[in-house]
Structure formats: C-alpha cells, structure tokens
Amino acid sequence: MAQLFFAPEFTKSLMNYRILALALAAPLALLAQSIKKETVSYSYIQPPLNHSADGQPFQTNVNVTYRAEIERLEAAAEADYQAALAAYPAQEAAAKAAYDERVAAYEKALAEWNNKSLAGKIIEKQVLENSKPLPPPSYQAPYPPQRKQLQHQALFDEAELAQSYGRIEGRTEAAGGIQVQITLYGFQNEVPTIETKESTVYSTATKSSTKVIESQWVINYKHPIHVKATAADGHVLIDEMVAGSDAFQTFKSGLVKSSTPGTYAQYHIDALQKSSVSANMTAAKILLNSQLGTTLQQRTTTVFVPESKKVDYSDLAEAAILVREGYEKMNKDAAAGEVKIAQAIALWTKAIGEFDSEDKNARINKKIIAELYLNVLEAETIAHQFSAAQEHVSQARRLDFGKKERDALDGLAMLLNDYEARY
C-alpha cells in the first residue's frame, strides 16, 4: 500500500493550525451561555398611598344622580296611567250608551220596515235592493289604558354598588371614620354611525374578483364617575374623577358581511350602559383601595437563571430557588420571606460585582448582566430594600440594555417607586 509523506514544514504548520483552532474554540465553549426563564406567581401586601387616616373605619354611599329624573318621569307616566284608568269606566259607559242607541235605532227601523205592506216591500225592493236595515256590528269596548313604557338608561342599585365596589380593604365598615361618596353622572353616547369597509376577494375557482362590503356600528360613549373620600376630621383624602370615565370611548360592534349591521344600535347601547358602569366602578374601587386600602396584590414575574456547561452558575441557580421560596412566603410570613429573598439578593449582588463589560469571556458578561439586574431589582423592591434597589436602577440605566430589557427595567422602576412611596 502506498504511504503518504509530508514535508516537516507542512507537518509543523498543520500542528500550529490545530493548536490555533483549539484556542479559538475554548472561548466559544466558554460563551455557550443560555438564560433559563422561570415563571413565578406570588402575592404580597400593598399598603395604602395615603396614611393620614390610618385606623379609621369607612362608610361608602353611592349616588346615581340621574335616578331622580327617571323616577320623576316614571311617576308622571304612572300618574297619567292611573288618571286614564280612573276615566276609563266613564268612557266605557259612554261608548256602551252610544252603542245601545245605535241598536235601538236599528230595532226601530227594522220594525218600521217589517210593518210595510207586502206590496210596498215588493215595489221598494225593486226600487232599492238594500232597503232592509242592517244591524250594527257587535259591541267593542274601548281599548283599556296602557301604561307608557319609557325608554331610559339602566338604573343600578346603590347599596349593591357600594358593597361590590366601595369597600376599602384592611378597614372595618362602621360610622365615625372615612366617608366615601361615589357619584354616577349617567351614560352618554353620540349618535351611532355605520362604518363600512369595501374589499376585493379573488376566487381561484372562478378566476374572478368579487367586491365585499362589510359594516359595523361605531358608538362613542362615556359614563363619568367621581370618587370623594373624607376623613373623620373633614380632611379630603380623594376628590377626583375616575380616570378615563369622563372621556368618550369608541365601541365597534365588529364587521359583518353586509352593507348594514345585522343588529340595532340600541342593542349595543343597552349593553354599553351596563359594561361602562362595571368597568368604571372597578376603576373606582382600584383608586379607592390604592389610596386608602391595604390589599393583597397578585404578581407574576420571571426569574432568570444563567446556564452553561462550561461555567459554574450554581450560585445563581440557588438564588432562584431562594427567591421563589421567599416570594411564596411574603403574604403569610413576611419576615421569613424577606430572609430568603435577602439571601438571593446577596448572591445576585455578588455576581453583579463580577461584571466585566470588556471581557466577553467573563463569567458575568454583557449577555447576562441585564437579567441579573432585573432579578435583583424586583427582589429588593418586594423585600423593602428600597435604597439598594434605587442604586441598582441607577447602575442599570448606565448600561447598554436592549429595548426589551430596558422596558422591563422601566416597569420595575415604576413598581419600586410606587411601593417605596407606600412605606
């Protein structure tokens, strides 16, 4: 068998190439990092923003301002109906008397006709075929009065609204404390319009295009709602419109293949009257409890865990386990939860301290630093380590994060500022 022989220079070059290839491969293996995302849902206690009335009970009253006008119109309609009912017997008696007169006149005419001589009847029949008197139709009493059905916006039970939307969590309901007034000013809508859309649909079967017209109802509507809360000493705690309730919103019924919608506009208006109150009263409840209530907040977050076959991230994996345990304890045993979270924070903070922006082969490099900041920021916020969290926000803003990470950072900064203000 023939053997191949290589010149010494070629052999040396080949060895150098292999060494170079291995040298280049080593950093690539080191950088083979990935980020594991763990979803964590937890609850935490949120104190009120306003502490000036701490300890005071509350009472909530709901005022539906348009009820009085509707009740006035309904009362007027009822009064008209009752007056018509009272007048009806006389109307019926007059109608019956008039009918009886017609019957009497008929009977008299019929008697006179019957009394004519036979010859006279024959002659008269020849002259006028229909000379015999006809009886009046059967008696029909006047149609009984009907109550006028008024078309008005939906009314709501004030006591039910107060119980469903006016409770302040963390406070007892009793007199002598915070007085809450929620005012509903009434549903308003502009004249509904029909919006049409024309498109062309091509059929491969017929090799032709067909124009398709679609339409839908467009309705601009609003239902303004105001919230006012006053402390026992008369100090005003809240005095504002529910955000967005005083501005027109646009409802679209959904396109249907027709030049006109397949529903009546009033159908959608009736539904909007109820849904707008539900949405705006829910917003009122959130406003009331954000300012004055102590609430249990539900939150779902992502804990980022770096992974690599070549780099040891066991400390960061441990931090993820610790913070999960801490989050799960926060709503029942906050002290125990904060201990676990603090341990996770210490591990993440130590890792952040290793960050080397220049060395892409560093254990903590640009590829994972953003996720570590997001981890530690949420943990410090929930564990009430506000100063440390604010410092980490400042550090993170100086780094070159991607848009997704920067948006997440902004969201956590908002959570931090809100939560810190509550303490």
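Calculation criteria
- Residues numbered from 1 in each chain as written.
- Predicted model: local features only at pLDDT ≥ 70, side-chain atom pairs only at ≥ 80, totals over all residues.
- Heavy atoms only, no water.
- Helix = DSSP H or I, 4+ residues; strand = E, 2+ residues; numbered from the N terminus.
- Buried < 20%, exposed > 50% of the residue type's maximum accessible area, 1.4 Å probe, protein only.
- Contact = heavy atoms within 4.5 Å.
- Areas by Shrake-Rupley, 256 points an atom, 1.4 Å probe, with all protein chains shown as cover.
- Polar contact = N/O pair within 3.5 Å; in protein donor to acceptor, adjacent residues only side chain to side chain.
- pLDDT = per-residue confidence, 0-100.
- Phe/Tyr/Trp six-rings, centres within 6.5 Å; stacked < 30°, edge-to-face > 60°.
- Lys NZ or Arg CZ within 6 Å of the ring centre and 35° of its normal.
- Pairing = 2+ DSSP bridges.
- Core = buried A, V, L, I, M, F, W, Y, C linked by side-chain atoms within 4.5 Å.

Topic: the overall build of the chain
Point 1. When helices and strands are tallied, the chain shows ten helices and ten strands.
Point 2. When burial is assessed residue by residue, the chain has 33% of its 423 residues classed as buried.
Point 3. Taking all contacts inside the chain whose residues are at least 6 apart in sequence as the whole, residues at least 24 apart take part in 77%.
Point 4. Counting only carbon and sulfur atoms, one obtains 55% of the accessible surface of the chain, whose full area is about 25400 Å².

Considering the side chain of Ser-43
Point 1. Within the secondary structure layout, Ser-43 lies in strand β1 (residues 34-46).
Point 2. For Ser-43, a relative accessible area of 11% gives the class buried.
Point 3. Among the polar contacts listed, one links the side chain of Ser-43 to the side chain of Gln-298, at a separation of 2.8 Å.
Point 4. What Ser-43 contacts, discounting residues up to four positions off in sequence, is Leu-296, Gln-297, Gln-298, Tyr-327, Met-330 and Asn-331.

Regarding the confidence of the model for the chain
Point 1. The share of residues in the chain with pLDDT of 70 or more is 89%, and the mean pLDDT across the chain is 90.
Point 2. Confidence drops under pLDDT 50 across residues 1-30; counting only partners more than four residues distant or on other chains, this segment forms seven contacts.

Digging into the packing of aromatic side chains
Point 1. By the definition in use, this model includes nine aromatic pairs.
Point 2. For the ring pair Tyr-42 and Tyr-327, a centre distance of 4.3 Å and an interplane angle of 10° mean the geometry is stacked. Of this pair, Tyr-42 sits in strand β1 while Tyr-327 sits in helix α6 (residues 314-329), and the two are 285 residues apart along the sequence.
Point 3. Every member of this aromatic cluster is reached through a ring pair, and the members are Tyr-42, Tyr-44, Tyr-327, Phe-386, Tyr-419 and Tyr-423.
Point 4. Of note, Lys-96 hangs over the ring of Tyr-139, and the distance from its end group to the ring centre comes to 5.6 Å.

Topic: the pairing of strand β6 (residues 208-222)
Point 1. Both strand β4 (residues 188-189) and β6 contribute to a ladder of two bridges, which runs antiparallel. Bridge pairing in β6 links Asn-189 to Tyr-221.
Point 2. As defined by bridge partners, strand β5 (residues 193-203) adjoins β6 across eleven bridges and the pair is classed as antiparallel. When the bridges of β6 are listed, Ser-199 appears paired with Val-212.
Point 3. Connecting β5 to the antiparallel partner β6 that follows it, the hairpin turn spans four residues, and Lys-207 within it adopts a positive phi of roughly 55°.
Point 4. The pairing of β6 with strand β9 (residues 249-252) spans four bridges and is antiparallel. Bridging from a neighbouring strand, Val-218 pairs with Lys-252 of β9.

Here we look at the environment of Arg-72
Point 1. By the element assignment, Arg-72 lies in helix α2 (residues 67-115).
Point 2. Side chain to side chain, Arg-72 and Glu-69 meet in a polar contact 2.7 Å long.

Notes on the nonpolar core
Point 1. Among the nonpolar cores identified, the biggest contains 44 residues, and Val-323, Tyr-327, Ile-341, Trp-348 and Ile-364 are the most heavily contacted of them.
Point 2. Of all the elements in the fold, those that place two or more residues in this core are β1, β10 (295-307), α6, α7 (334-353), α8 (366-382), α9 (386-397) and α10 (403-422).
Point 3. Top contributing element to this core by residue count: α8, with ten residues.
Point 4. For Ile-364, the contacting residues outside a window of four places in its chain are Tyr-313, Leu-316, Ala-351, Glu-354, Phe-355, Asp-356, Ile-369 and Leu-372.

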